[in-house]
Amino acid sequence: MSDKTLPSSRSVDLTAAPFHLGVEDVEWVRTTIDSMSLPEKIGQLFVNHNAHFDNAYLDRLVDEFRVGGIRHHTAPAAEVSAVVRRVQERAKVPLLVAANIEAGGDATASEGILVGSALQCASAPDLTASRRMGFVGGAESAAVGCNWSFAPVVDVHYNWRNTVIASRAFGDDPDVVIDHARAYSEGIRDGVAERPMALCAKHFPGDGVDERDQHMVTSVNTMTTAEWDNSFGRIYRNMIEDDIASIMIGHIALPEYSRQLRPEIDRILPATIAPELADDLLRGQLGFNGLILTDATHMIGFTAALPRRELLPAAVNAGCDMVLFFRDPVEDLEIMRTAVETGVVSAERLDVALQRILGLKASLGLHRAQIAGTLVPDDDARAVVGCDEHRAIAADVADQTVTLVRDTGVLPLDVDTHRRIRLICPPDLLRYGAPPSYQGAMRAELEAAGFEVEDYPPALPKSFAEILDHVGSSNRDFGKSCDAAIVVAGFHGIGRQSSVRLAWSMPFGPEMPWYSAEVPTIFVSLGLPNHLADVPMVSALINAHAPTPEVIHAVVQKILGHSEFRGSHNNKVLCGLTEIL
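Everything quoted here is computed from the prediction, not taken from an experiment. (Residues numbered from 1 in each chain as written. Predicted model: local features only at pLDDT ≥ 70, side-chain atom pairs only at ≥ 80, totals over all residues. Heavy atoms only, no water.)

Enquirer: How should the overall build of the chain be read in this particular structure?
Expert: Counting its regular elements, the chain contains 21 helices and 16 strands. For the chain, whose C-alpha radius of gyration is 25 Å, the value lies close to the compact-globule estimate of 25 Å for 581 residues. Considering only C-alpha atoms, the chain reaches an extent of 80 × 55 × 45 Å along its principal axes. When each of the 581 residues of the chain is scored for burial, the buried share is 59%. Entry remark: accessible area of the chain is about 21,800 Å², with carbon and sulfur atoms responsible for 51%. For the chain, the separation between the mean place of its 50 positive charges and that of its 77 negative charges on side chains is 3 Å. (Helix = DSSP H or I, 4+ residues; strand = E, 2+ residues; numbered from the N terminus. Rg over C-alpha atoms; globule rule 2.2 N^0.38 Å. Buried < 20%, exposed > 50% of the residue type's maximum accessible area, 1.4 Å probe, protein only. Areas by Shrake-Rupley, 256 points an atom, 1.4 Å probe, with all protein chains shown as cover. Lys, Arg positive; Asp, Glu negative; His and termini not counted. Charge placed at Lys NZ, Arg CZ, Asp CG, Glu CD.)

Enquirer: Honestly, the state of the cysteines in this entry has me stumped. Any pointers?
Expert: When the sulfur atoms of two cysteines share a covalent bond, that bond is a disulfide. Scanning the entire structure with this criterion turns up zero disulfides. The closest cysteine sulfur to the non-disulfide-bonded C146 is located on C200, 14 Å from its own sulfur. (Disulfide = S-S within 2.5 Å.)

Enquirer: Would you explain the sheet that holds strand β14 (residues 484–489) in this entry?
Expert: Within a sheet, adjacent strands bond to each other through the backbone by hydrogen bonds, running parallel or antiparallel. Pairing in this open sheet of six strands is mixed, and the strands run β11-β16-β15-β14-β12-β13 from one edge to the other. Two strands close off the open sheet at either side, each with one partner strand: β11 (403–407) and β13 (452–455). Neighbour to neighbour, the strand axes of the sheet diverge by 20° on average, direction disregarded. Relative to strand β16 (residues 540–543), β11 is paired through four bridges, and the arrangement is antiparallel. Residue R406 lies in a different strand from β16, and its bridge partner there is L541. (Pairing = 2+ DSSP bridges. Axes fitted to C-alpha atoms, helices over the stretch in contact; angles between N-to-C directions.)

Enquirer: Teacher, can you tell me more about helix α17 (residues 388–401) here?
Expert: Along an α-helix, a turn takes 3.6 residues, which lines up residues three or four apart on a common side. In a regular helix each residue adds 1.5 Å, so 14 residues correspond to 20 Å; α17 covers 20 Å between its end C-alpha atoms and thus fits that length. Among all positions of α17, only H390, I393, A394, V397, A398, Q400 and T401 are buried. Looking down the long axis of α17, one finds its buried residues gathered within 165° of arc, a one-sided arrangement. Taken together, the buried residues of α17 touch α5 (118–122), α6 (128–142), β11, β16 and α21 (549–560). (Expected span 1.5 Å × (residues − 1). Arc of directions from axis to C-beta. Contact = heavy atoms within 4.5 Å.)

Enquirer: Before we go on, may I ask you to explain the packing of aromatic side chains in this structure?
Expert: We describe a pair of aromatic rings using the distance from one ring centre to the other and the angle between the two ring planes. Tallied over the entire structure, the rule returns 11 aromatic pairs. Look at F478 and Y515: their rings are 5.1 Å apart centre to centre, the planes differ by 10°, and that puts the pair in the stacked class. Of this pair, F478 sits in helix α20 (residues 478–481) while Y515 sits in the loop between β14 and β15 (521–525), and the two are 37 residues apart along the sequence. Across the pair, Y515 and F478 agree in class, each one buried. One Lys or Arg, R422, reaches over the ring of F478 and ends 4.6 Å from the middle of that ring. (Phe/Tyr/Trp six-rings, centres within 6.5 Å; stacked < 30°, edge-to-face > 60°. Lys NZ or Arg CZ within 6 Å of the ring centre and 35° of its normal.)

Enquirer: Sorry, what's going on with the side chain of N221 here?
Expert: Following the sequence through the fold, N221 ends up in the loop between β6 (219–220) and α8 (225–229). Exposure remark for N221: the relative accessible area of 0% places this residue in the buried category. There is a polar contact of 3.1 Å between the side chain of N221 and the backbone oxygen of G206. Among all residues touching N221, those that are not within four sequence positions of it are P205, G206, V209, W228, F232, I252, A253, L254 and P255. (Polar contact = N/O pair within 3.5 Å; in protein donor to acceptor, adjacent residues only side chain to side chain.)

Right, dumping it as structure tokens:
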């Protein structure tokens, strides 16, 4: 057996980047690990997803499972803060508390501000929007006790059919991604002020090439080694040079690199359990000394690779220091305990993982904050969550980023000549069939501008005969009864199907843009940027990126011509079309 086939136990230097620990901090890491029982050590490997907030559940997390970190479910800020306070006060070793602040503070607390998606912020004229998005996310998450950002997303949207990161990636060019990820990271550091926050770049080895969703299948990055080196490799080198503290590995295969690094390999596996990618490439070739975290381990891209009893030890042996989310905590902890006791995971490998976990905590000063009782901010700190300043930032970002992708000359609309508007909002079937939450806000903005707005269709046909009647004589006077149609879609696509396209209510559904030749038709996307493939016949197409009140207001102002379109777009939003009707 060659050295390359051994489980990863590559040493860690806690005095070097990204930890930069002094002698006393290194000593705290060492003495804390030495004082732990095996169950305590095993618990540190896991990050729990706190979907439940009751005290008995929280107490079990720290007393029995002894987790190393948590990521909470979005809830009111006061509730989140209380949860974080309870687990931190009860834990022997302070916890990493993660927030998925990819777009601002909205994933931290229900009052938090969604500033904009990564693609939206990268549509602005400069880097300011991305920096401000990070600022708001950092400030609002730190205010409730979070200390770990599961961002920036440093994927590249190479394939327009990929909907997993279509809005979450800053763009389709590595240099754009590097620049905006750096600005976003700087914004977080400005926002957290005196409460350090670790950043976690994701999803290594790079999403956006395959069109499939790793939530449902192991996706594949098909790049050659040279292509990867010049794109994702360059991105991650920059992140590492910028002292990124942690990197999240996706359930994404990278076959060309796997075969180059280990020619004897007989099965291509997702990076989460591929030592040639996590250890040889990320640790060895790129020189990453920080913490490696798996992506969520209940995703099918992970679970379908091996039985769970083999998966978890394989992830740690491949080079992952922490495991994101339990499937069943009792089962998962027992799997890892057995793996260590039987030597499947060596004591040396476990020790190195613990050094990185506690080293990250020490780099944030969590051990000192625990002694001082300052791990969680006072209640007054929560005033920043959803504050007027942050809402004003969201409004300014919206004004800068609403993007006109196509216009045949219909814009701006004049209230005097296009007063009667039919508003069409197809339901997002991926959001459990619920009526669009933004429909009322869009109608209110249009009416406030002086338009007469009719929601269309008033009722969906109930039979095929009614459909035929609808597309026949009942629709021939459409152009006489309204002056323009505005179609608003807020589709998103994670975790239910790999390719998300416009989903209409039924064949020949009345809301479909059959009327685009009858009246000017404006299509507004409040979600995915790739709808031009399905509605190339519309008079104008606007990518507005997010279903927030600030964005909807900005859209209507720009439709009216009261504000210019300032956002830009990359060629992926054209969906590979060379000719547009």
